[in-house]
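What the coordinates show
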Amino acid sequence: MYLVSAKDMLVKAKAGRYAVGQFNINNLEWTKAILMTAEELKSPVILGVSEGAGKYMGGYNAVVGMVNGLLKDLKISVPVALHLDHGSFEGCYKCLDAGFSSIMFDGSHYPIDENVAKTTELVAAAHKMGVSIEAEVGSIGGEEDGVIGMGECADPEECKRVADLGVDFLAAGIGNIHGVYPPNWKGLSFETLDAIQKKTGILPLVLHGGTGIPADMIKKAIELGVSKINVNTECQISFTAATREYFEANKDKASKGFDPRKVLAPGFEAIKATVKEKMELFGSVGKAE
Ligand code: 13P
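Here is a short report on the structure shown in this document. Each chain carries its own residue numbering, running from 1 in the written order of its sequence. Residues qualify for local features only when their pLDDT is at least 70, as the model is predicted, and side-chain atom pairs are given and counted only at 80 or more; totals for whole chains, interfaces and linings, by contrast, use all residues. Heavy atoms from the whole structure form the basis of all side-chain values; hydrogens and water molecules are not counted.

**Regarding unusual backbone geometry**
For Lys 42, which is not a glycine, the phi torsion comes out positive at approximately 50 degrees. Strands are runs of DSSP state E lasting at least 2 residues, helices are runs of H or I lasting at least 4, and numbering of each runs from the N terminus. By the secondary structure assignment, Lys 42 is in the loop between helix H2 (28-41) and strand S2 (45-50). With a 1.4 Å probe rolled over the protein chains alone, any residue whose accessible area is under 20% of its type maximum counts as buried; one over 50% counts as exposed, and the rest are partly exposed. On the basis of relative accessibility, which here comes to 25%, the residue Lys 42 falls in the partly exposed class. Positive phi values are uncommon outside glycine, yet Lys 256 reaches one of about 55 degrees. Note that Lys 256 resides in the loop between helix H10 (233-248) and helix H11 (260-263).

In C-alpha cells, the structure reads:
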C-alpha cells in the first residue's frame, strides 16, 4: 500500500460517525508501533509529523523514506496518510516536495485575512498534487514543539470562510489544549462545536489535543462532526513510563539488557497499547476492511 491523501478516509469517517486517529511520530519505533497496530486492527491511520519532529528525524525526505519503506516491508494494507502537523507556510511547501500525502497549514496566529490568503494558495498547491490539506481557525491551547496557542474558541463565521476555500478538513479551537490538561480545565465547548458544524456542514472537523480528553467528551465530539483526533503526548507518556520501568527493574543490567532493541521494546509495546485503546475509543477499528 502506498501513502494516501487523508480526504477519503475522513469523508468516510464523517459519514460513518467515527474518527480516524492522527498519531504523531518521533522515530522508527513510533512509526512501526502505530503502523502495526493499525494493520492488526484494520483501521485507517494518519501519521502526524510536527516541524520539530521532522527536523529531529533528519528532515522530511528521511521521514517519507522511512514511512514508505515500512509500508512496503511490513506489508501494510490499511490506508495510511503522512501528514504535516501545524505546518508553517514554507514547511507546507517542503512537505509537498518531499512526498507527504497530507499537510496542515496552521495560519491561526495570522489575522484572518492573511490566514485566508495563505490557505487559499496552499489549497491549490496541495490539490494539484492530490495531497489533502487541513487549515486551522482559533488557536489550540498549550504548547507543542514551540507552537504556542491560547486555546480560544474559534468564530463559526471565520470557520465557514476558511471551509469555503476548499480545505479538506478543518481544525477549530473549542477549548482544547495540547499536552496534559490542567486540573482547572473547563472541558470542550460543545456549543462552539455545534455552531461550527452547522456552518461547515459535511466538512470533517479535527480535534487537536486528544491526550487526556475523557471518553464521553470524545464520543460527543464525534457525534457533533469531529472525524479526526490528534494524539501525541499520550504516546510519549506511555513510552517513557514503560522505559522507566525497564531501568528501575535493572533490566539493562541483565544479560544483553543494554541492547537497544531490548531497551526500546517495552516503550514500543506501550505505544501499541495506547494506539489500540484510542482506535477502539474513536471507533475506527475494522473500518479499513
Ligand atoms: P496532544 O499532544 O495533546 O495529544 O495533542 C496532539 C495534537 O493535537 C497534535 O497536533
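**Remarks on the packing of aromatic side chains**
The geometry of an aromatic ring pair is captured by the separation of the ring centres together with the interplanar angle, meaning the angle of the planes. Put simply, two rings from Phe, Tyr or Trp (the six-membered ring, in Trp's case) pair if the centres are within 6.5 Å, and we call them stacked under 30 degrees between planes, edge-to-face over 60, tilted for the rest. What the rule picks out here adds up to seven aromatic pairs. Between Phe 89 and Tyr 93, the ring centres sit 5.5 Å apart and the planes meet at 80 degrees, which makes this aromatic pair edge-to-face. Of this pair, Phe 89 and Tyr 93 both sit in helix H5 (residues 89-98), four residues apart, which is roughly one turn of that helix. Between Phe 105 and Tyr 110 the ring centres are 6.3 Å apart and the planes differ by 25 degrees, which places this aromatic pair in the stacked class. Exposure remark for Phe 105: the relative accessible area of 0% places this residue in the buried category. Overall, the relative accessible area of 26% leaves Tyr 110 in the partly exposed class. In this structure, Lys 118 packs its charged tip against the face of Phe 89, placed 5.7 Å from the ring centre. Each ring is checked for a lysine NZ or an arginine CZ that lies within 6 Å of its centre and within 35 degrees of its normal; such an atom marks a charge sitting over the ring. Positioned over the ring face of Tyr 110 is Lys 118, at 4.6 Å from the centre of the ring.

**What about the environment of Lys 220?**
Within the fold, Lys 220 resides in helix H9 (residues 215-223). Judged by its relative accessible area of 39%, Lys 220 falls in the partly exposed class. With 30 residues separating them along the chain, Lys 220 and Phe 190 place their C-alpha atoms 8.1 Å apart.

**Points about the sheet that holds strand S3 (residues 80-87)**
Backbone-to-backbone hydrogen bonds pair the strands of a sheet. The strands run either parallel or antiparallel. Two strands are counted as paired when DSSP detects at least two bridges linking them. Ordered by their spatial adjacency, eight strands build a closed barrel running S1-S2-S3-S4-S5-S8-S9-S10, and the pairing between neighbours is parallel. On average, adjacent strands in this sheet sit at an angle of 25 degrees to one another, irrespective of strand direction. Taken together, the four bridges between strand S4 (residues 102-105) and strand S5 (residues 132-137) define a ladder with parallel strand orientation. For Ile 103, the partnering residue across the bridge sits in S5 and is Ile 133. The contact definition used throughout considers only heavy atoms, calling two residues in contact when any of these lie within 4.5 Å. All axes here are fitted lines through C-alpha atoms, helices being fitted over the stretch that makes contact, and every angle between N-to-C directions spans 0 to 180 degrees. Packing against the sheet, H2 makes contact with strand S1 (20-24), S2 and S3, and its axis sits at approximately 165 degrees to S2. Lying on the sheet, helix H8 (residues 190-200) is in contact with strand S8 (169-172), strand S9 (205-207) and strand S10 (226-231); it crosses S9 at an angle near 155 degrees.

**So, the packing of helix H6 (residues 112-128) against helix H7 (residues 156-163)**
Between H6 and H7, whose axes approach to 10 Å, the crossing angle comes to 20 degrees. As far as their axial angle goes, H7 and H6 are roughly parallel. Of the two possible hands of crossing, H6 and H7 adopt the one that is right-handed. Contacts between H6 and H7 involve Ile 112, Asp 113, Val 116 and Thr 119 on the former and, on the latter, Glu 158, Arg 161 and Val 162. Put simply, Ala, Val, Leu, Ile, Met, Phe, Trp, Tyr, Cys and Pro go in the nonpolar bin, Asp, Glu, Lys and Arg in the charged bin, and everything else, Gly too, in the polar bin. Among the residues forming the contact of H6 with H7, the class breakdown is three nonpolar, one polar and three charged. Note on terminology: angles under 35 degrees are roughly parallel, angles over 145 are roughly antiparallel, angles of 65 to 115 are roughly perpendicular, and the others are oblique. Rotating anticlockwise by less than a right angle from the far helix to the near helix defines a left-handed crossing, while the corresponding clockwise rotation defines a right-handed one.

**What about the site of the ligand?**
One heavy atom suffices: a residue is near a molecule or strand as soon as one of its heavy atoms comes within 4 Å of it. Taken together, 15 residues sit near the ligand, with Asp 85, Gly 179, Gly 209, Thr 211 and Thr 233 positioned nearest. Whenever two N or O atoms come within 3.5 Å, that pair is a polar contact, provided that in protein one can donate a hydrogen and the other can accept it, and provided that, for residues adjacent in sequence, both atoms are side-chain atoms. The contact in question runs from an oxygen atom of the ligand to an N or O atom on the backbone of Gly 179, over 2.8 Å. Here Gly 209 contributes a backbone N or O atom positioned 2.8 Å from an oxygen atom of the ligand. Of all the elements in the fold, those that place two or more residues in the shell around the ligand are S3 and S10. Partitioned by chemical class, the residues of the shell around the ligand number two nonpolar, eleven polar and two charged.

**Let's talk about the side chain of Ser 50**
By the secondary structure assignment, Ser 50 is in strand S2. Separated by 3.0 Å, the side chain of Ser 50 and the backbone nitrogen of Ala 53 make a polar contact.

**Some points on the pattern of salt bridges**
Here a salt bridge means any side-chain nitrogen of Lys or Arg lying within 4 Å of a carboxyl oxygen belonging to Asp or Glu. Taken as a whole, this structure holds 13 salt bridges when the rule is applied. Asp 113 is paired through a salt bridge with Arg 161; the nearest N and O atoms lie 2.8 Å apart. You can see Asp 113 sitting in helix H6 and its partner Arg 161 sitting in helix H7, a full 48 residues away along the chain. When its relative accessible area of 52% is taken as the criterion, Asp 113 is described as exposed. Given a relative accessible area of 37%, Arg 161 falls into the partly exposed group. Between Lys 278 and Glu 234 there is a salt bridge whose closest N-O contact spans 3.1 Å.

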